[in-house]
Amino acid sequence: MPIYTAPVADMQFILHEVLKVTSTGIPGYDELEPDFTAAVLEEAGKLARDVLAPLNRVGDAQGCRLENGVVRTPEGFAEAFHQLKEGGWTALDCDPAYGGQGLPYLMQTAVGEIFVSANMAFNMYQGLTHGAYSAIHAHGSEEQKRIYLPKMVTCDWTGTMNLTEPHAGTDLGMMRTKAEPQDDGSYRITGQKIFISAGDHDMAENIIHLVLAKAPGGGEGTKGVSLFIVPKVLVNEDGSLGEHNAVSVGKIEEKMGIHGNATCVMNYDGAKGFLLGELHKGMRAMFTMMNEARLGVGLQGYAVAEAAYQNALAYAKDRLQGRSLSGQGTTDGPADPLIVHPDIRRNLMEQKSFIEGARALTFWGAQMIDRAAKLDDAKAEGLISLLTPVIKGFQTDKGFECTVAAQQVFGGHGYIEEWGMSQFARDARIAMIYEGANGIQALDLVGRKLAADGGKHALAFFHLIRHFLLENAENERLRGFTGPLKQASKDVQKAAMFFADKGLKNPDEALAGSYDFMTMMGHLCLGYMWAEMAKAAMEALDAGRGDRDMLEAKIATGRFYMARQLPATALHLARIESGAEPVMGLPAEAF
């Protein structure tokens, strides 16, 4: 059975040496002392190791099943969900006014990584609930918040988001689900939604569906879309549960991975729904949920890779295969462990350097969200808006690649289900698709985010890197970091200028290079994180803080990323500067 141990030491390093959380001035961060964060993360790690991780294989093997209109989750899931609720893990960063613990979103992010690594499919039940909670908290009436939020904070009631329809995926303006106004102020919701994660299950008393639908008078496209709260079971005025709403599960999808999560076709047959937010402005309310979900999916990308990496590393240290040609690490036995071989070391270093860099970027992004929310910081809001498609797209692409690389370490055993490595790859694959496929993330980055507000958010990001480079220009020990970072930043800015010059004349010139640009930005972000981490590690070593071996390993891993991974920006720049012709030159009918 695959193993998993929460990387608490690395998380603590990012929180306290890199982000220096207690000195940020963000409300609530002063309470994040090292002893407190360590205690929270270690307890989450125990639950993940002892309860959630053992159920990962169970969920994959058993899947969910539909019985008499009710979805049954895999064996052990309900009991584990009860433990999650009892421990208060579903309420970490929720509003204390509705029963939450009020911790920063950053802590929710760190704990979320641990739970995703242990069991991605299981964690989706509470993760989607958190997104629905956030949408209602931001856009709901006081009455709606009073009725729904306390139960959603505890996950006694869970939540979903319903966007996709059989004929319309990303193009939400094509949706056909209708909302007819009723005399009592409610709406009759009629239509079908597909790919609804956690659409139904047996672990909660009620499920609160957030459903996009078209109400009369809204016009064409997404401008006519509204968002509705549609409970599985209607709620009485006193908060008790009433009759079953006209919503049902048509079927459970058979999927490549995340078998432990019920991905449902949902049928709404005149179900009673309640407007959330303003009429015909449903996309604004839904994006509250979608933006949070996209960051959460970006986290899934590296969190599943972390679990796969831990197993590949253990196997590489244990499996004896061949002799080291250099004679280093040779044992007295018939062969050496896999980890002595340079190509295995390369494989593991690519995984390790991505995962640790992505963790730092995700935590930094969570801190930007906290800064924007708690200090009304427009710069932080702009930065995280710019980088959300990068965190989602780049990290899920590379996270999936890492799960395949981890599987490769096992050789033939990685292809055999007994070892559990294929599940990591199968589960990670969906993260590249849902919450906006990665091609859409790239189009969003280049088509909208890059030029938003006159490009000031992109300029602010480049300024952040420039400031780091200037501040450390005389630091000889950081030469291996500042040099590659400066070159990568130049590559990305040159690509942005190409878009500005060519894209206005012919949009295809920009859009043909959008995926390359998203990947470039991802590498630049991780390069910046590695430079910050290397500096923090050196300062900690100088001061005699922390684990010396871990800090030296951090610096060596960062050097690998800067030397072996970050130069990829030059490749992607060359692709972008080739323009649209190589991509669009072959007529559609010639394919």
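What counts, and at which threshold
- Residues numbered from 1 in each chain as written.
- Predicted model: local features only at pLDDT ≥ 70, side-chain atom pairs only at ≥ 80, totals over all residues.
- Heavy atoms only, no water.
- Helix = DSSP H or I, 4+ residues; strand = E, 2+ residues; numbered from the N terminus.
- Rg over C-alpha atoms; globule rule 2.2 N^0.38 Å.
- Buried < 20%, exposed > 50% of the residue type's maximum accessible area, 1.4 Å probe, protein only.
- Contact = heavy atoms within 4.5 Å.
- Areas by Shrake-Rupley, 256 points an atom, 1.4 Å probe, with all protein chains shown as cover.
- Axes fitted to C-alpha atoms, helices over the stretch in contact; angles between N-to-C directions.
- Parallel < 35°, antiparallel > 145°, perpendicular 65-115°, else oblique.
- Left-handed = near helix turned anticlockwise from the far one by under 90°.
- Nonpolar A, V, L, I, M, F, W, Y, C, P; charged D, E, K, R; others polar.
- Patch = residues over 30% accessible without salt bridge, like charges linked within 9 Å, V, L, I, M, F, W, Y side chains within 5 Å.
- Salt bridge = Lys/Arg side-chain N within 4 Å of Asp/Glu carboxyl O.
- Lys, Arg positive; Asp, Glu negative; His and termini not counted.
- Charge placed at Lys NZ, Arg CZ, Asp CG, Glu CD.

Draft legend 1. Summary view of the overall build of the protein chain. Along the protein chain, the regular secondary structure elements total 18 helices and eleven strands. The C-alpha radius of gyration computed for the protein chain amounts to 24 Å, which stays within 12% of the reference 25 Å derived for 591 residues, consistent with globular compactness. Taking all 591 residues of the protein chain together, the buried fraction comes to 58%. Within the protein chain, residue pairs in contact and separated by at least 24 positions form 73% of the contacts whose partners lie at least 6 positions apart. Only carbon and sulfur atoms are counted for the fraction: they give 53% of the accessible area of the protein chain, which is about 24400 Å².

Draft legend 2. Inspection of the packing of helix α13 (residues 479-502) against helix α17 (residues 568-577) at higher detail. Relative to each other, α13 and α17 sit at 15 degrees, their axes nearing to 9 Å. Relative to α17, the element α13 lies roughly parallel. Handedness of the α13/α17 crossing: left-handed. On the side of α13, the interface is formed by Ala 488, Asp 491, Lys 494, Ala 495, Phe 498 and Phe 499, while α17 contributes Thr 569, Ala 570, Leu 573, Ile 576 and Glu 577. Within the contact of α13 with α17, the residues separate by chemical class into seven nonpolar, one polar and three charged.

Draft legend 3. Seen up close, a negative patch on the surface. Taken together, Asp 30, Glu 31, Glu 33 and Asp 35 make up a surface patch of like negative charges. As for its position among the elements, Asp 35 is in helix α2 (residues 34-62).

Draft legend 4. Looking closely at unusual backbone geometry. Of note in the backbone geometry, His 280 takes a positive phi value of approximately 65 degrees without being a glycine. Relative to the elements of secondary structure, His 280 occurs in the loop between β11 (263-276) and α7 (282-318). The backbone of Glu 435 sits at a positive phi, close to 60 degrees, despite the residue not being glycine. Relative to the helices and strands, Glu 435 is located in the loop between α10 (421-429) and α11 (438-449). Judged by relative accessible area, Glu 435 falls into the buried class, the value being 17%.

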